[in-house]
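Letter by letter, the chains look like this.
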Amino acid sequence: MSRPIPVLLMRGGTSKGAYFRAEDLPADPAARDRLLLAVMGSPDPRQIDGIGGGHPLTSKVAVISRSTDPEADVDYLFLQVQVDKPIVSAEQPCGNILAGVGPFAIERGLVDPRDPRTPVRVRMVNTGALAVVTVSTPDGRVEYAGDTALSGVPGTAARIEVEFRDTAGSVAPGLLPTGRVRDDLDGVPATLIDNGMPVVLLNAGDLGVTGYETPARLEANGELRRRVEELRLIAGKLMGLGDVGATTVPKMCLVAPPAHGGSLSTRMFIPHRVHASIGVLAAVSVGTAAAVPGSVAFLAEAPETIRLEHPSGFYDVVIDVDPAGDEITVGRSAIVSTARLLLDGQVHRRSEELS
């Protein structure tokens, strides 16, 4: 039997992942990635021989350590473990899994709790950006039960506030990587933006759909998927990301007028599957675009809290954008989320890795 590895399995936002201390994993990235493939059960569509859930949203890993950055308490490296390929990607952050980093840091003694709430300053290693995850900790213990509902998650849980700092141009070179609010992608108007996640926004009607379809229906539309990927490849080069054919960014977001009392309807390609809801950092980028005059998603009277409708409900983002002058300035970017500890234990890897 291989040496067991301490792990917390947690739901963070609308995702689920395995949370590890960096010291419990190999320091060499190649060795670490081989181990994580074995632990998660990849490559296998069901991940039947590992702890992954057989879907990109449940095949995620957080690697956390005390930070040497005086502005942060912990460092957080996000790794996306592909389900059916032997690939571990660190090319982007994940705001859903970020919601669980605060509770993890407190549970593992990396941050001392306060009463009644504990702010955990997190440096996102993938991008270098900072976030503050504020956790409910009455009597110095993480509280998971609460009355905050999150669309796409059954029941309710304790409120977690996640404020993002300096996320503009997290992966691409700048908030608007092309320097333009609106670009032309092979005849299709688009807004290319990165305020935590590189996202390409397109009006659903320009691609022959309503923007209210279910993820399954969109995924079954082969012509739509081909066109979305074609436009994504063009956008990747315009955003300074190069050939993105083998990467998961940028994400592609189809927008439409709200259908259920929100601010904007969204359907997010991530990039080849359609998200059952919307990722946290993608939501921040989309919400930012909604507040930028001239974007394909611009809301002329954008509220302080922008409600993004998605297939499972809605997501609220708080965006402060100053479009005055020649440069758009982003102030506060925050979301409300929840997390829950599912398992605290040890995981065993396979005795050999699959290729």
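Residues numbered from 1 in each chain as written. Predicted model: local features only at pLDDT ≥ 70, side-chain atom pairs only at ≥ 80, totals over all residues. Heavy atoms only, no water.

When helices and strands are counted, the protein shows 6 helices and 19 strands. By principal-axis analysis of the C-alpha atoms, the protein measures approximately 55 × 45 × 35 Å. Put simply, of all contacts in the protein between residues at least 6 apart along the chain, 61% involve residues at least 24 apart. Per element, the accessible surface of the protein, about 14600 Å² overall, is 49% carbon and sulfur. (Helix = DSSP H or I, 4+ residues; strand = E, 2+ residues; numbered from the N terminus. Contact = heavy atoms within 4.5 Å. Areas by Shrake-Rupley, 256 points an atom, 1.4 Å probe, with all protein chains shown as cover.)

We now examine the pairing of strand β10 (residues 160-165). The alternating pattern of β10 places I160, V162 and F164 on a buried face and E161, E163 and R165 on a face that is not buried. Two elements, strand β7 (residues 130-136) and β10, share 5 bridges in a ladder whose sense is antiparallel. Of the residues in β10, the one forming a bridge with V132 is E163. In this structure, β10 lies alongside strand β18 (residues 329-337), joined through 5 bridges in antiparallel fashion. Bridge pairing in β18 places I160 opposite S337. (Buried < 20%, exposed > 50% of the residue type's maximum accessible area, 1.4 Å probe, protein only. Pairing = 2+ DSSP bridges.)

So, about the domain arrangement of the protein. Domain boundaries in the protein define domain 1 (5-167 + 339-347) and domain 2 (183-327). Counting residues at the interface gives 15 residues for domain 1 and 22 residues for domain 2. Across the domain 1/domain 2 interface, buried area totals approximately 1500 Å², and carbon plus sulfur atoms make up 57% of it. Area buried by domain 1 at its contact with domain 2 is led by E91, S151 and T167, which between them contribute 32% of it. In this structure, the connection of domain 1 to domain 2 is made through 0 salt bridges. Here domain 1 and domain 2 share 8 residue pairs in polar contact (both at pLDDT 80 or more) between them. Residues that form the side of domain 1 that touches domain 2 fall into these classes: 6 nonpolar, 8 polar and 1 charged. (Domains from an automatic or database assignment. Buried area = accessible area lost by both parts, 1.4 Å probe. Salt bridge = Lys/Arg side-chain N within 4 Å of Asp/Glu carboxyl O. Polar contact = N/O pair within 3.5 Å; in protein donor to acceptor, adjacent residues only side chain to side chain. Nonpolar A, V, L, I, M, F, W, Y, C, P; charged D, E, K, R; others polar.)

The tally for this structure, following the rule as stated, stands at 15 salt bridges. For D183, the salt bridge is made with R180, and the minimal N-O distance between the two is 2.6 Å. Residue R180 is classed as partly exposed on the basis of its relative accessible area of 41%. Connected through shared salt-bridge partners, D186, E223, R226, R227 and E230 make up one network.

Take the packing of aromatic side chains next. The tally for this structure, following the rule as stated, stands at 1 aromatic pair. Over the aromatic face of F314 sits the side chain of R307, whose NZ or CZ is 3.7 Å from the ring centroid. (Phe/Tyr/Trp six-rings, centres within 6.5 Å; stacked < 30°, edge-to-face > 60°. Lys NZ or Arg CZ within 6 Å of the ring centre and 35° of its normal.)

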